[in-house]
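# Descriptive analysis of the structure
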Amino acid sequence: MSVLTSEWLKIRSIRSTSLIIGLSLSAVLLGFGLAVMAAGMYDSAPVDRRPSARISDLEEVVVIVPQLCMGILGTLAMTSEYVTGLIRTSLTIVPRRWPLLGAKAAVVGAAGFVIGPTAVFGTYFLSRWVLGDRFSGAYAVAFLDRLPVLATVSLTVPVFALLGLGLGALLRSTPAAISIAVGLVYVIPIIIGNIPEPWSERLGSLMIAALPRQITGDGNANSVYGSLLPPVAAAAVLVAYAALPLLVAAWLLRRRDV
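Residues numbered from 1 in each chain as written. Predicted model: local features only at pLDDT ≥ 70, side-chain atom pairs only at ≥ 80, totals over all residues. Heavy atoms only, no water.

Moving on: the layout of surface pockets. A volume near 1000 Å³ is recorded for the largest pocket. In this structure, the largest pocket is lined by 38 residues; those nearest its centre are Ser56, Asp57, Glu60, Arg213 and Ser223. Those elements giving two or more residues to the lining of the largest pocket turn out to be helix 3 (58–62), helix 4 (64–84), helix 8 (143–171), helix 9 (174–193) and helix 11 (211–215). Tallying contributions element by element places helix 8 first for the lining of the largest pocket, with seven residues. Each residue belonging to the lining of the largest pocket can be placed in one class, and the counts come to 22 nonpolar, ten polar and six charged. Volume-wise, the second largest pocket comes out at about 230 Å³. Residue lining of the second largest pocket: 13 residues in total, with Met41, Tyr42, Ala53, Arg54 and Phe135 positioned closest to the centre. Class assignment of the residues belonging to the lining of the second largest pocket gives a composition of ten nonpolar, one polar and two charged. (1 Å grid on protein atoms, 1.4 Å probe; cavity = no way out; pocket = protein on both sides within 12 Å on 5 of 7 lines; lining within 4 Å. Points joined across faces, edges and corners; volume = space filled by probe spheres on them. Helix = DSSP H or I, 4+ residues; strand = E, 2+ residues; numbered from the N terminus. Nonpolar A, V, L, I, M, F, W, Y, C, P; charged D, E, K, R; others polar.)

This part takes up the pattern of salt bridges. The final tally for this structure, using the stated rule, is seven salt bridges. A salt bridge links glutamate 59 to arginine 146, with the nearest nitrogen and oxygen atoms 2.2 Å apart. Here glutamate 59 is found in helix 3, whereas its partner arginine 146 is found in helix 8, with 87 residues between them in sequence. Among the salt bridges present, the one from lysine 104 reaches glutamate 81, with a minimum N-O distance of 2.4 Å. One end of the pair, lysine 104, is in helix 6 (residues 97–131); the other, glutamate 81, is in helix 4, and 23 residues separate them in sequence. Glutamate 81 carries the same exposure label as lysine 104, and that label is buried. (Salt bridge = Lys/Arg side-chain N within 4 Å of Asp/Glu carboxyl O. Buried < 20%, exposed > 50% of the residue type's maximum accessible area, 1.4 Å probe, protein only.)

Let us now look at the nonpolar core. Core analysis: the biggest nonpolar cluster contains 57 residues, and Met78, Leu101, Leu131, Leu165 and Tyr241 have the highest contact counts within it. Elements that contribute at least two residues to this core include exactly helix 2 (15–44), helix 4, helix 6, helix 8, helix 9 and helix 12 (231–253). Counting residues per element, this core draws most heavily on helix 8, which supplies twelve residues. Discounting chain neighbours no more than four positions away, the residues touching leucine 101 are Met78, Leu165, Ala169, Leu246, Ala249, Ala250 and Leu253. (Core = buried A, V, L, I, M, F, W, Y, C linked by side-chain atoms within 4.5 Å. Contact = heavy atoms within 4.5 Å.)

With that out of the way, let us pick up unusual backbone geometry. Here glutamate 197 and proline 198 are connected by a cis peptide whose omega angle stands at 10°. Along the chain, the position of proline 198 falls in the loop between helix 9 and helix 10 (199–204). The phi torsion at phenylalanine 135 lies on the positive side, around 55°, for a residue other than glycine. Relative to the helices and strands, phenylalanine 135 resides in helix 7 (residues 134–137). Judged by its relative accessible area of 9%, phenylalanine 135 falls in the buried class. Even without being glycine, serine 136 reaches a positive phi, approximately 55°. With respect to the helices, strands and loops of the structure, serine 136 is situated in helix 7.

The structure is reproduced here in structure tokens:
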């Protein structure tokens, strides 16, 4: 508990933490703005074209913001100690290295578990309120029917936080770790989308953004991602994104110098 408390104090006392959390929650405002814009476009469209109008699930669009922000927070939780030299003090107080990493993972993961649902569900409810039965009732579906997808999309945020922490511990470089996280969100999906089939769908099914709908069995129709994984396999891949970097980092922390 003392190690957990100290890691919580470290995260809370860093000025960038408040900024990152604020940017994460700004996804709700972004989703609200997109919903208002979409509603305006729908209302101004000719009546005969409205039945064919479609809209993406805005909560799945704006979740990229908290994903990246929490990935950055996880990275900074580790790399900032190497930059400032505080890691030597931390390991002097906590000589066993895996409890230090475990405490950081608990704090960063808990932050992700709060930020993720707040951003995703907040965006969903605001979009539902703004859009009503527009776009063929895309947001008029019963909330309980949407709940599984919303919950699994929310889980990708703490996964990114733990992924960032693991990458930070592995690479000890903030730019390198953040670059990989950004690549997973933006760059790699674009590359995969231009790879010939069947590899495009095979690799696309392994992307983090493709996993929530595969876990719930909804598939990824009309997206750049594939939907080849069964729910259990998709859940295992999502866990692996967070667990594997941390496990490798814990192993390396015990074997290399500070």
